[in-house]
Amino acid sequence: SQQGEEDPQALSIQEGENATMNCSYKTSINNLQWYRQNSGRGLVHLILIRSNEREKHSGRLRVTLDTSKKSSSLLITASRAADTASYFCATVLNDYKLSFGAGTTVTVRA
Amino acid sequence: KAGVTQTPRYLIKTRGQQVTLSCSPISGHRSVSWYQQTPGQGLQFLFEYFSETQRNKGNFPGRFSGRQFSNSRSEMNVSTLELGDSALYLCASSLDPGGRTQYFGPGTRLLVL
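Within every chain, residues take consecutive numbers counted from 1 along the sequence as written. Chains carry letters from A onward and ligands carry numbers from 1 onward, assigned in written order. Side-chain atom pairs in this predicted model are given and counted only at pLDDT of 80 or more, local residue features only at pLDDT of at least 70, and totals for whole chains, interfaces and linings cover all residues. Side-chain descriptors were evaluated using all non-hydrogen atoms of the structure, hydrogens and water having been removed beforehand.

## Quick look at the environment of D95(A)
All names here are of chain A.
Turning to step 1, where the next piece is worked out: Helix numbering and strand numbering both begin at the N terminus, where a helix is a DSSP run of H or I of at least 4 residues and a strand a DSSP run of E of at least 2. Note on placement: D95 falls in the loop between β9 (85-92) and β10 (98-100).
Turning to step 2, where the next piece is worked out: Only protein chains enter the accessibility calculation, which uses a 1.4 Å probe. A residue is then buried if its area is under 20% of the maximum for its type, exposed if over 50%, and partly exposed in between. Since its relative accessible area comes to 34%, D95 is described here as partly exposed.
Turning to step 3, where the next piece is worked out: The spacing of D95 and N30 is 65 residues in sequence and 8.7 Å in space, taken between C-alpha atoms.

Shown next, in the form of structure tokens:
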């Protein structure tokens, strides 16, 4: 069974708008990672946030982590057509196995 | 540095056959993990190897096996293929185990007929 669950399943936004997706998980984690996948290709790592961190930024990406609610969010600001992809959260438990959620499919319209 | 490479990229097999997929990690990376991605089940962890030893294993039947060589290259094998094994098989490497960032290859798309 999957540890992380993303919400929403799909998101369609206009270029220039912000996109927010959420990830909820069930058990305590070591860290949480976000990945992007373009159309059935390999995944690309975006951000890793440790369990003792609350927020991290990388370019137009902002990730938050709330361990009390067992949830994380990924915000993409000023979206571009190239941001069209599926986004996955992956929780890393203390045995260091990565468990991926089902993903959020983001479509950015020109 | 060259990225993670996987061969072959596409494969068509029939039920009952076996298949071997190969993964070459990024130079210097010693940990290799394998994942199966299907539309129905999503991304599922198969196993992780480090220093030629399997460190972690997901919930897959014994038909799925793997190994890692001394140069960190890894292979996974699926015996007695079933239709449900049709999937994108992804390999990822990291410097070492410990929940670090994983670098994924492009995947091998397997179709079982």
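## Considering the side chain of Q68(B)
Residue and element names in this part refer to chain B.
Turning to step 1, where the next piece is worked out: Positionally, Q68 belongs in strand β7 (residues 64-68).
Turning to step 2, where the next piece is worked out: Within the structure, Q68 has its side chain in polar contact with the backbone oxygen of R30 (distance 3.1 Å).
Turning to step 3, where the next piece is worked out: Within the structure, the side chain of Q68 is placed 3.2 Å from the backbone nitrogen of S51, a separation counted as a polar contact.
Turning to step 4, where the next piece is worked out: Throughout, a residue-residue contact means that at least one pair of heavy atoms, one from each residue, lies within 4.5 Å. Not counting chain neighbours up to four residues away, the residues in contact with Q68 comprise R30, V32, Y49, F50, S51, E52, T53, R73 and S74. Two N or O atoms form a polar contact when they lie within 3.5 Å of each other; inside protein one atom must be a possible hydrogen donor and the other a possible acceptor, and for residues adjacent in sequence the pair counts only when both atoms belong to side chains.

## Digging into the nonpolar core
Turning to step 1, where the next piece is worked out: Membership of the largest hydrophobic core comes to 22 residues, with the highest contact counts inside it found for M21(A), L32(A), W34(A), L74(A), I76(A) and Y87(A).
Turning to step 2, where the next piece is worked out: Where this core is concerned, the elements lending two or more residues are β2 (10-14), β3 (19-24), β4 (31-37), β5 (43-50), β7 (61-66), β8 (71-76), β9 and β11 (104-109) of chain A.
Turning to step 3, where the next piece is worked out: The residues touching L32(A), leaving out its near neighbours within four places in the chain, are C23(A), Y25(A), I47(A), L48(A), I49(A), L65(A), S72(A), C89(A), A90(A) and T91(A).
Turning to step 4, where the next piece is worked out: The next biggest cluster of nonpolar side chains, apart from the first, holds 21 residues, and it includes L11(B), F64(B), Y89(B) and C91(B). Residues enter a nonpolar core if they are buried and are Ala, Val, Leu, Ile, Met, Phe, Trp, Tyr or Cys, with the set joined through side-chain atoms within 4.5 Å.

## Here's the deal with a nonpolar patch on the surface
Turning to step 1, where the next piece is worked out: Residues form patches when they are more than 30% accessible in relative terms and have no salt bridge. Like charges link within 9 Å. Nonpolar side chains (Val, Leu, Ile, Met, Phe, Trp, Tyr) link within 5 Å. Per-residue accessibility takes into account occlusion by the displayed protein chains alone, with areas from the Shrake-Rupley method and a 1.4 Å probe. Salt bridge criterion: a side-chain nitrogen from Lys or Arg within 4 Å of a carboxyl oxygen from Asp or Glu. Taken together, the side chains of I12(B), L111(B) and L113(B) define a hydrophobic patch exposed on the protein surface, amounting to about 300 Å² of accessible area.
Turning to step 2, where the next piece is worked out: Inspection of the secondary structure puts L111(B) in strand β11 (residues 108-112).

## Things to note about the interface of chain B and chain A
Turning to step 1, where the next piece is worked out: In this complex, chain B contributes 20 residues to the contact, which on the side of chain A involves 18 residues.
Turning to step 2, where the next piece is worked out: Two parts placed together each lose some accessible area under a 1.4 Å probe, and the buried area is that loss summed for both. If you sort the residues of chain B by the area they bury against chain A, L43(B), G99(B) and F104(B) come out on top, with a joint share of 32%.
Turning to step 3, where the next piece is worked out: One can count zero salt bridges joining chain B with chain A.
Turning to step 4, where the next piece is worked out: The interface formed by chain B and chain A contains five residue pairs in polar contact (both at pLDDT 80 or more).
Turning to step 5, where the next piece is worked out: Mapped onto the side of chain B that touches chain A, the elements with two or more residues apiece are β4 (31-38), β5 (42-50), β6 (53-57) and β9 (87-94) of chain B.
Turning to step 6, where the next piece is worked out: Under the scheme applied here, ten amino acids are nonpolar (Ala, Val, Leu, Ile, Met, Phe, Trp, Tyr, Cys and Pro), four are charged (Asp, Glu, Lys and Arg), and all others, including Gly, are polar. Taken together, the residues that form the side of chain B that touches chain A break down as seven nonpolar, nine polar and four charged.

## Some words on the sheet that holds strand β8 (residues 74-78) of chain B
Residue and element names in this part refer to chain B.
Turning to step 1, where the next piece is worked out: If you trace the four strands from one edge of the open sheet to the other, you get β1-β3-β8-β7, paired in antiparallel fashion. Only two strands of the sheet have a single neighbouring strand rather than two, namely β1 (5-7) and β7. In this sheet, adjacent strand axes meet at a mean angle of 20 degrees when their direction is disregarded.
Turning to step 2, where the next piece is worked out: Here three bridges tie β1 to strand β3 (residues 19-24), and the two strands are oriented antiparallel to one another. By the bridge assignment, T5 is partnered in β3 with S24. A pair of strands is considered paired only if DSSP assigns at least 2 bridges between the two. Only the stretch in contact is used when a helix axis is fitted, and all axes are lines through C-alpha atoms; the angle between N-to-C directions ranges over 0 to 180 degrees.

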